[in-house]
Amino acid sequence: MLDIVGIGLGALDFSTLPAQLVNGILLGAIYALIALGYTMVYGVLRLINFAHGEVFMLGAYAALFTSWALGFGSGQSGQSSYLNLIIMLVVSMGACAIVGVAIEFFAYRPMRNQSRIAALITAIGVSMLIQYAGQLFLPNQPPPSINEQVIPTSFRESLTINLVSPPKDLAERMKTAEAEVKRREDLFAEVRKTENQFDLSDDGKKVRDSLREAQTELKAASAAVQKKTVQIVMPKGQLAMLGAVVIIMAGLWWLVMKTKTGRAMRAVALDFDSASLMGINVSRIVTVTFLIGSALAGAGAMMQATFLGTTLNPFYGALPGVKAFVAAVLGGIGNIPGAVLGGLLMGLAEALVIWAGFSGWKDAVAFVVLTFVLLVRPGGLLGSNKVEKV
């Protein structure tokens, strides 16, 4: 038996692999949204915005506060609707856009003509400032989460896709077992009408024992069917989340490639000084870049906090921020398609680690990938390997 890192391939449950791959794509889509913010800012300023993860955290809290305002606070049960989700998304993106612009104006713009190490230290300082200010001013004890009741009922339902159906004999066995359990449950219900279930007659005990035998057979049949069935079960809300991410990324592509602002952004990314000499308002373009990148982080934060039901705290964006940064490096920092590709690959890698039974190591994947990429291809999968003088 072939063995990989101590796990025999026979011990892996390949029937759950498709579902884990779908989970990886969903997670990777969130990482991609955050990574786009890193890569856009780096492309324009050659600066790693380490406060980007904290912008993501503030976006999640903005979604939380909006859900409270809509009547979904603790002990409340408002009227769920699609409009509520749209409002939460818009508020989260808007709040993050404002925070991103403020960070650029007050922290990074004064450091624009300073050394890169000074700007880098400033980014780290802003990140820590937001984290520890969050501990003082944001609710975190106990860690809050967005009330799932804000999600419409149709989005809380699951979509099941059968990739491999069980053999007919197992399906028939399952159907027969279910019918037998139902029949014997009805018989036992009739017995309980006339007898105490804790003091049954001999005939009552026989009916009870036959019910237990039928239930045991049903469990065995269900396990056999599950072993032979390959299916993907996805909450419709997460499917909608993936669709929203695709729409947002398509909108970003259109903005960057088809609009005047997008052309100016690409010009500034190509040559900062030459773009200024050609009449482009460089400061305005930098501000717009921070605005867009931060808004994307806000969209990802709202969707993750709402549809994945994660609890919030002031360090909520630290780990996703690191993983998204690794995704940007993996795809090629400064390369927009590379950020999307890197995010998806990071999500898939994390899902595969969980599938292999190493869920406790899933957060270490980012650092392993980062080390490997820096050793093998420092420019990333879609980036260039040109040497820059710093």
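Look a little higher up for the structure.
Predicted model only: the values in this text are computed from it and were never measured. (Residues numbered from 1 in each chain as written. Predicted model: local features only at pLDDT ≥ 70, side-chain atom pairs only at ≥ 80, totals over all residues. Heavy atoms only, no water.)

Asker: Please give an account of the nonpolar core that cites residues and values.
Answerer: Leu33, Ile103, Tyr108, Leu296, Met303 and Met346 are the most contacted members of the largest nonpolar core, which totals 83 residues. For this core, the element with the highest residue contribution is helix 1 (residues 17–45), accounting for 16 residues. Aside from chain neighbours lying at most four places away, what touches leucine 33 is Val245, Ile248, Met249, Leu296, Ala297, Ala299, Gly300 and Met303. (Core = buried A, V, L, I, M, F, W, Y, C linked by side-chain atoms within 4.5 Å. Buried < 20%, exposed > 50% of the residue type's maximum accessible area, 1.4 Å probe, protein only. Helix = DSSP H or I, 4+ residues; strand = E, 2+ residues; numbered from the N terminus. Contact = heavy atoms within 4.5 Å.)

Asker: Mind laying out helix 14 (residues 365–376), listing which residues take part and the relevant values?
Answerer: Between its first and last C-alpha, helix 14 extends 16 Å over 12 residues, near the 16 Å set by a 1.5 Å rise per residue. Restricting attention to buried positions, one finds in helix 14 the residues Val365, Ala366, Val369 and Val373. Mapping the buried residues of helix 14 onto a view down its axis gives an arc of 95°, with all of them on the same face. Among the exposed residues of helix 14, those oriented more than 90 degrees off its buried face are Val368 and Leu375. (Expected span 1.5 Å × (residues − 1). Arc of directions from axis to C-beta.)

Asker: Please set out the pairing of strand 4 (residues 230–235) residue by residue, giving values where relevant.
Answerer: The two faces of strand 4 differ: Val230, Ile232 and Met234 on one face are buried, but Gln231, Val233 and Pro235 on the other face are not. Here strand 3 (residues 158–164) pairs with strand 4 via six bridges, running antiparallel. Within the sheet, the bridge partner assigned to valine 164 lies in strand 4 and is valine 230. (Pairing = 2+ DSSP bridges.)

Asker: Tell me about the side chain of threonine 259, and name the residues and values.
Answerer: Within the element layout of this structure, threonine 259 appears in the loop between helix 8 (236–258) and helix 9 (260–270). Classification of threonine 259 as buried rests on a relative accessible area of 12%. At a separation of 3.1 Å, a polar atom in the side chain of threonine 259 contacts the main-chain amide nitrogen of glycine 262. (Polar contact = N/O pair within 3.5 Å; in protein donor to acceptor, adjacent residues only side chain to side chain.)

Asker: Can you break down the side chain of glutamate 54 residue by residue, with the values?
Answerer: Mapped onto the secondary structure, glutamate 54 falls in helix 2 (residues 52–69). No salt bridge is formed by the buried glutamate 54, whose closest oppositely charged neighbour, lysine 323, lies at an N-O distance of 14 Å. For glutamate 54, the contacting residues outside a window of four places in its chain are Ser127, Ile130, Gln131, Gly317 and Ala318. (Lys, Arg positive; Asp, Glu negative; His and termini not counted. Salt bridge = Lys/Arg side-chain N within 4 Å of Asp/Glu carboxyl O.)

Asker: Give a description of the packing of aromatic side chains that names residues and reports values.
Answerer: Going through the model one piece at a time under the given rule, you end up with 10 aromatic pairs. Between phenylalanine 105 and phenylalanine 106, the aromatic rings sit 5.0 Å apart at their centres with planes inclined by 85°, giving edge-to-face as the arrangement. Phenylalanine 106 sits in the exposed class, given a relative accessible area of 64%. Judged by centre distance (5.6 Å) and plane angle (80°), the ring pair of tyrosine 132 and phenylalanine 315 falls under edge-to-face. Of this pair, tyrosine 132 sits in helix 4 (residues 116–137) while phenylalanine 315 sits in the loop between helix 11 (282–307) and helix 12 (318–331), placing them 183 residues apart in sequence. Tyrosine 132 sits in the partly exposed class, given a relative accessible area of 42%. Under the relative-accessibility criterion, phenylalanine 315 is labelled partly exposed at 30%. A network of ring pairs unites the aromatic residues Tyr38, Phe50 and Phe325 as a single cluster. (Phe/Tyr/Trp six-rings, centres within 6.5 Å; stacked < 30°, edge-to-face > 60°.)

Asker: Lay out a positive patch on the surface in plain terms, naming residues and giving numbers.
Answerer: The grouping of Lys258, Lys260, Arg263, Arg266 and Arg284 at the surface amounts to a positive patch. Looking at which element gives the most residues to the positive patch, the answer is helix 9, with three residues. Checked against the element boundaries, lysine 260 lands in helix 9. (Patch = residues over 30% accessible without salt bridge, like charges linked within 9 Å, V, L, I, M, F, W, Y side chains within 5 Å. Areas by Shrake-Rupley, 256 points an atom, 1.4 Å probe, with all protein chains shown as cover. Charge placed at Lys NZ, Arg CZ, Asp CG, Glu CD.)

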